[in-house]
Amino acid sequence: MHPNIVSSPEKAAEGQQKIDWVRRNMPILRQLETEFRQQRPFTGKRVVVCVHLEAKTAYLALVIAAGGASVAVTGSNPGSTKDDVVAALDALGLHVYARHGATLEEMEEHMSLALDIRPHVVIDDGGDIVELLHGSRSELSADVLGACEETTTGVLRAQDRASANELDFPVMLINEAQCKYLFDNVHGTGQSVWDAVMRSTNLVLAGKTIAIVGFGWCGRGCALRAAGLGAKVIICEVDAVKAADAAMNGYQVMPLLEACRKSDVVLTVTGVRNTIDRAQFEAMKDGALIANAGHFRNEINVDTLQDLAVDVAAMRDNVVGYKAPSGAWLYLVGDGNIVNIACADGHPAEIMDTSFALQALSARYLVEFHETLENGVYHVPEEIDQQVARMKLASMNISIDQPVKNS
Ligand SMILES: NC(=O)c1ccc[n+]([C@@H]2O[C@H](COP(=O)([O-])OP(=O)(O)OC[C@H]3O[C@@H](n4cnc5c(N)ncnc54)[C@H](O)[C@@H]3O)[C@@H](O)[C@H]2O)c1
């Protein structure tokens with residue numbers, strides 16, 4: 001394998017401290033680490049992990065390695081890569097290729113270096129590795145037993161390929177498991193997005209009008225927590241059922257342009273390119289904060305914002321002001337990157353504990369059962385979802401009743 005790409009090797013101890021902290025707070029993964037160490041389900045297998053590369057992802061990679069796999073790790077978004085965590089993984093002897101702030105070309109190079117391990121299993125987040133395995137690195141796909149996809153955006157890409165009969169291996173849709181979207185998308189995004197906006201701006205959310213664009217699982221969580229912080233929440237949706245659901249939950253619902261005129265904060269969480277574009281920027285109030293919680297840095301058209309700006313000023317770490325021709329200053333948080341990961345620490349450890357337990361168990365399932373699977377998309381088996389839920393309850397010291405038989 002290639003030498004690791006590590007930009008700050010001197011930060012290994014800091015990265016290790018972060019990994020130690022999440023390990024303490026990820027009890028389900030800790031239990032799986034113990035089981036994997038005994039059972040070695042990945043012996044002889046090579047695994048690529050390509051998820052936002054921070055401490056929790058590093059711990060997932062270490063759990064897979066504890067199961068006997070050779071692991072190569074890379075980041076799914078250069079804005080979210082933590083260089084100290086990369087340094088810690090390097091010091092621990094894993095293959096690791098990532099750098100915070102890498103260009104998109106460099107990111108693809110790093111992914112390609114990781115793929116040179118010739119993976120049997122891929123743990124992907126957003127679908128970029130799966131796409132490479134169907135494009136410039138398609139020569140490797142014959143060895144791939146399967147992939148596990150973490151997020152909504154990657155699920156949609158895999159489903160598109162599957163419906164065109166263009167998937168060269170099975171893909172497990174982790175995001176579609178109940179223990180994923182009910183915890184991660186709702187509560188993880190809900191908490192960490194506002195943590196990131198508050199840390200970056202040091203402003204209050206109580207009393208502010210916040211427009212949330214997209215009332216899917218993530219938008220629902222962001223709305224819930226914004227309301228809990230005392231904000232007045234507006235929902236913008238394009239799906240009538242979701243919009244009606246938002247209204248029945250007590251939120252104001254209106255078209256985006258109207259919301260932009262009224263809002264102090266506009267948050268995108270649609271998974272759709274250019275959700276916020278020129279017309280929306282031009283409608284926004286002076287002082288409006290703009291942030292994105294969707295996977296890719298494309299929901300806010302930052303190029304257009306830069307083009308229309310008559311003045312630009314760095315305000316704080318992760319906050320840049322753009323002066324619109326109207327004179328209104330608009331403040332972009334996190335440069336349009338996924339804000340909770342780019343400007344904070346991502347989802348809390350206990351949340352990623354359930355998501356990554358699904359990943360680890362689904363990766364093991366692929367190794368054990370790949371011969372029974374076709375090239376296509378698969379839901380996480382119900383028994384894995386239930387197992388993770390039981391482990392979650394146990395970690396919270398909660399017991400529940402057995403169902404009562406009707407007959
Ligand atoms: N920030 C995080 O930590 C995090 C966590 C999980 C998922 N994600 C990402 O967040 C995005 C959303 O995920 P989700 O699980 O909520 O998806 P989802 O499909 O449940 O919800 C997206 C919603 O956006 C709506 N929408 C689409 N275009 C719109 C537009 N122009 N205006 C208004 N609404 C629009 C859709 O109707 C849908 O209801 C994806 O990119 C996903 O990968 C981010």
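Residues numbered from 1 in each chain as written. Predicted model: local features only at pLDDT ≥ 70, side-chain atom pairs only at ≥ 80, totals over all residues.

(A) Main features of the sheet that holds strand β15 (residues 377–379). Spatial ordering of the open sheet is given by β3-β2-β1-β4-β5-β6-β15, a layout of seven strands whose pairing is parallel. Each of the sheet's edge strands pairs with one partner strand only, and the pair in question is β3 (95–97) and β15. Recorded for the sheet is a direction-independent mean angle of 20 degrees between the axes of neighbouring strands. The sheet contact formed by strand β4 (residues 121–124) and strand β5 (residues 146–149) spans four bridges and is parallel. Counted as the bridge partner of Val 121 is Gly 146 from β5. Contacts from helix α5 (residues 104–115) reach β1 (46–50), β2 (70–74) and β3 within the one sheet, and its direction differs from that of β2 by about 175 degrees. This element, helix α15 (residues 349–369), spans β1, β4, β5 and β6 (171–173) of the sheet and lies at about 155 degrees to β4. (Pairing = 2+ DSSP bridges. Helix = DSSP H or I, 4+ residues; strand = E, 2+ residues; numbered from the N terminus. Axes fitted to C-alpha atoms, helices over the stretch in contact; angles between N-to-C directions. Contact = placed C-beta atoms within 7 Å.)

(B) View of the pairing of strand β11 (residues 289–292). Every second residue of β11 is oriented toward a common face, with Leu 289 and Ala 291 on one face and Ile 290 and Asn 292 on the other, all of them buried. In this sheet, β11 lies alongside strand β10 (residues 265–268) in parallel orientation, the contact comprising four bridges. The residue bridging Leu 267 from the neighbouring strand is Ala 291, located in β11. In this fold, the crossover linking β10 to β11 by way of helix α12 (residues 278–283) has right-handed handedness. (Buried ≥ 20, exposed ≤ 12 C-beta atoms within 10 Å, placed from the backbone. Right-handed = clockwise from strand over helix to strand, strands pointing away.)

(C) Representation of the nonpolar core within the structure. Counting 138 residues, the largest nonpolar core has Val 49, Ala 61, Ile 64, Ile 212, Leu 267 and Ile 290 as the members making the most contacts within it. Of the residues that make up this core, three or more belong to each of domain 1 (9–180 + 347–395) and domain 2 (186–342). For Ile 64, the residues in contact, after removing those within four places along its chain, are Phe 42, Val 47, Val 49, Ala 69, Val 71, Ala 360 and Ala 363. (Core = buried A, V, L, I, M, F, W, Y, C linked by C-beta atoms within 7 Å. Domains from an automatic or database assignment.)

(D) Representation of the pairing of strand β7 (residues 209–213) in the model. With four of five residues buried, β7 is to be regarded as a mostly interior element. What joins β7 to strand β8 (residues 232–236) is helix α9 (residues 217–228), and the crossover it makes is right-handed. Pairing geometry for β7 and β10, over four bridges, is parallel. Across the sheet, Val 213 pairs through a bridge with Thr 268, a residue of β10.

(E) Inspection of unusual backbone geometry at higher detail. Phi is positive for Arg 118, close to 60 degrees, though the residue is something other than glycine. Taking the number of C-beta atoms within 10 Å as the measure of exposure, Arg 118 has 16 and is therefore partly exposed.

(F) How the structure looks around the site of the ligand. In the vicinity of the ligand, 29 residues are found, and the nearest of them are Gly 214, Gly 216, Cys 218, Gly 271 and His 295. Mapped onto the shell around the ligand, the elements with two or more residues apiece are α7 (152–163), α8 (178–201) and α9. Classifying every residue of the shell around the ligand gives ten nonpolar, 15 polar and four charged. Composition of the shell around the ligand by domain shows at least three residues from each of domain 1 (9–180 + 347–395) and domain 2 (186–342). (Near = placed C-beta within 6 Å. Nonpolar A, V, L, I, M, F, W, Y, C, P; charged D, E, K, R; others polar.)

(G) Structural view of the domain arrangement of the protein. When the domains of the protein are assigned, the result is domain 1 (9–180 + 347–395) and domain 2 (186–342). On a C-alpha basis, the centroid separation for the pair domain 1 and domain 2 is 29 Å. Tallying the contact residues gives eleven residues for domain 1 and twelve residues for domain 2. Residues of the side of domain 1 that touches domain 2, tallied by class, amount to two nonpolar, nine polar and no charged.

(H) Spotlight on the sheet that holds strand β12 (residues 311–316). Here we have eight strands laid out as an open sheet, ordered β9-β8-β7-β10-β11-β14-β13-β12, and mixed in their pairing. Across the chains shown, the open sheet's two edge strands, defined by having one partner strand only, are β9 (252–253) and β12.

(I) Fine view of the environment of Ala 88. Within the element layout of this structure, Ala 88 appears in helix α4 (residues 83–91). Look past the residues within four positions of Ala 88 in its chain and what remains in contact with it is Ala 12, Gly 15, Gln 16, Ile 19 and Ala 58.

(J) How the structure looks around helix α2 (residues 27–39). Here α2 is 13 residues long and its end C-alpha atoms lie 18 Å apart, about the 18 Å a rise of 1.5 Å per residue gives. All of the buried residues in α2 are Ile 28, Leu 29, Leu 32, Glu 33 and Phe 36. Down the axis of α2, the buried side of the element spans an arc of 140 degrees, and every buried residue falls inside it. Among the exposed residues of α2, those oriented more than 90 degrees off its buried face are Thr 34 and Gln 38. Buried residues along α2 sit against α3 (55–66), α15 and α16 (382–395). (Expected span 1.5 Å × (residues − 1). Arc of directions from axis to C-beta.)

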